[in-house]
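Notes for the structure review
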Amino acid sequence: MNVPNHIAIILDGNGRWAKAKGMPRSYGHVKGCANLETICDDMKELGVKYLTVYAFSTENWKRSREEVEGLMKLFRNYLKKCIKISEKNKMRVKIIGDVTAFDDDIQQKIAELEEFSKDYTELHFQIALNYGSRDEIVRGMRRMARDASEGRISPEDIDENTIGNYLDTVGIPDPDFLIRTSGEQRLSNFLLWQMAYTEFYFTDVAWPDFHKAELIKAIEKYNERDRRYGGVKEE
Ligand code: FPP
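First, a word on scope: everything that follows refers to the structure included in this document. This is a predicted model, so every value here is computed, not measured.

Calculation rules
Residues numbered from 1 in each chain as written. Predicted model: local features only at pLDDT ≥ 70, side-chain atom pairs only at ≥ 80, totals over all residues. Heavy atoms only, no water. Helix = DSSP H or I, 4+ residues; strand = E, 2+ residues; numbered from the N terminus. Rg over C-alpha atoms; globule rule 2.2 N^0.38 Å. Contact = heavy atoms within 4.5 Å. Areas by Shrake-Rupley, 256 points an atom, 1.4 Å probe, with all protein chains shown as cover. Lys, Arg positive; Asp, Glu negative; His and termini not counted. Charge placed at Lys NZ, Arg CZ, Asp CG, Glu CD. Near = heavy atom within 4 Å. Polar contact = N/O pair within 3.5 Å; in protein donor to acceptor, adjacent residues only side chain to side chain. Nonpolar A, V, L, I, M, F, W, Y, C, P; charged D, E, K, R; others polar. Patch = residues over 30% accessible without salt bridge, like charges linked within 9 Å, V, L, I, M, F, W, Y side chains within 5 Å. Salt bridge = Lys/Arg side-chain N within 4 Å of Asp/Glu carboxyl O. Buried < 20%, exposed > 50% of the residue type's maximum accessible area, 1.4 Å probe, protein only. Pairing = 2+ DSSP bridges.

Comments concerning the overall build of the chain
Secondary structure summary: the chain contains 7 helices and 6 strands in total. Starting at the N terminus and ending at the C terminus, the chain contains elements arranged as β-α-α-β-α-β-α-β-α-α-β-β-α. At 18 Å, the chain has a C-alpha radius of gyration in line with the 18 Å of a compact globule built from 235 residues. The principal-axis extent of the C-alpha atoms belonging to the chain is close to 60 × 50 × 35 Å. Restricting to contacts in the chain with at least 6 residues of sequence separation, those with at least 24 account for 75%. Summed over its atoms, the accessible surface of the chain is roughly 12400 Å², and 48% of this surface lies on carbon and sulfur atoms. Positive and negative side-chain charges of the chain, numbering 36 and 40 respectively, have mean locations separated by a distance of 5 Å.

This is how it looks when you write it as structure tokens:
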């Protein structure tokens, strides 16, 4: 089985999964978070080098105050715990998105985790928090315009690589494979620039139930695809 170098996942369906069990949405997020830990182990075991997950979008602030507060609590705990996980898996962790919107202590935890894990290379794990692809492009283009107006780059030199260098994902290869759980079939503003040639896979399985067997099933589907842009099937 050929394993994609970079897998991106839209973690969807925690709320519906919990509701179906007669439980509050927050229970779904807790289980979704636990599943994220296991899936990192599975990715490493399968030999995936890059994993990027969409955990909190720029739109997610519009959810109820209770739900947002619950997610912030979960992020706090997870970011702390993730130091141990990164050590165990030799995993480099990077947060993409506009982290300045988070409370100072969360920003501090993010900085600590990124610094602690910066030399690990077994698995590169990107967590998208307060992420929106259009917002990422706006932030990047503002910096690029500033660099141009201050003479650090000239408009003639701007190419696709230059643009990639101004995005949060700088240095990370584009995803080969996108998985979205829980039935929805849209991108929801996730890695729009980076996924120009990515293969998409949608499953009805909710994120808390997306375990290793489901991951393998998805990768098997990926292997059936005819990838003309440098994927699994060489021409
Ligand atoms: C989508 O399910 C999920 C989220 C908005 C949050 C994702 C969070 C986690 C998986 C856990 C925490 C992650 C980290 C990095 C600690 P939904 O609530 O939109 O489900 P629904 O579509 O059924 O309502």
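Now that the structure is up, let's keep going.
A look at the site of the ligand
Taken together, 19 residues are adjacent to the ligand, and Leu11, Gly15, Arg16, Arg25 and Arg63 come closest. Contacts to the ligand include Arg25, whose side-chain N or O atom sits 2.9 Å from an oxygen atom. Look at the ligand: alone it shows 620 Å² of surface, and the protein chains cover 93% of it. Those elements that place two or more of their residues in the shell around the ligand are α1 (14-20), α2 (25-46) and α3 (65-89). The dominant element in the shell around the ligand, judged by the number of residues it contributes, is α2, at 5 residues. Across the shell around the ligand, the residue classes tally to 9 nonpolar, 6 polar and 4 charged.

Observations concerning a negative patch on the surface
On the surface, Glu156, Asp157, Asp159 and Glu160 cluster together to form a negatively charged patch. Checked against the element boundaries, Glu156 lands in the loop between α5 (133-149) and α6 (160-165). Of the residues examined, Glu156 reaches a relative accessible area of 68% and is grouped as exposed.

Details of the pairing of strand β2 (residues 50-57)
In the case of a regular strand, side chains alternate between the two sheet surfaces. By the criterion of burial, β2 is predominantly enclosed, with 7 of the 8 residues buried. Here strand β1 (residues 6-10) runs beside β2; their pairing, made up of 5 bridges, is parallel. Each bridged residue has a counterpart across the sheet, and for Ile9 the counterpart in β2 is Val53.

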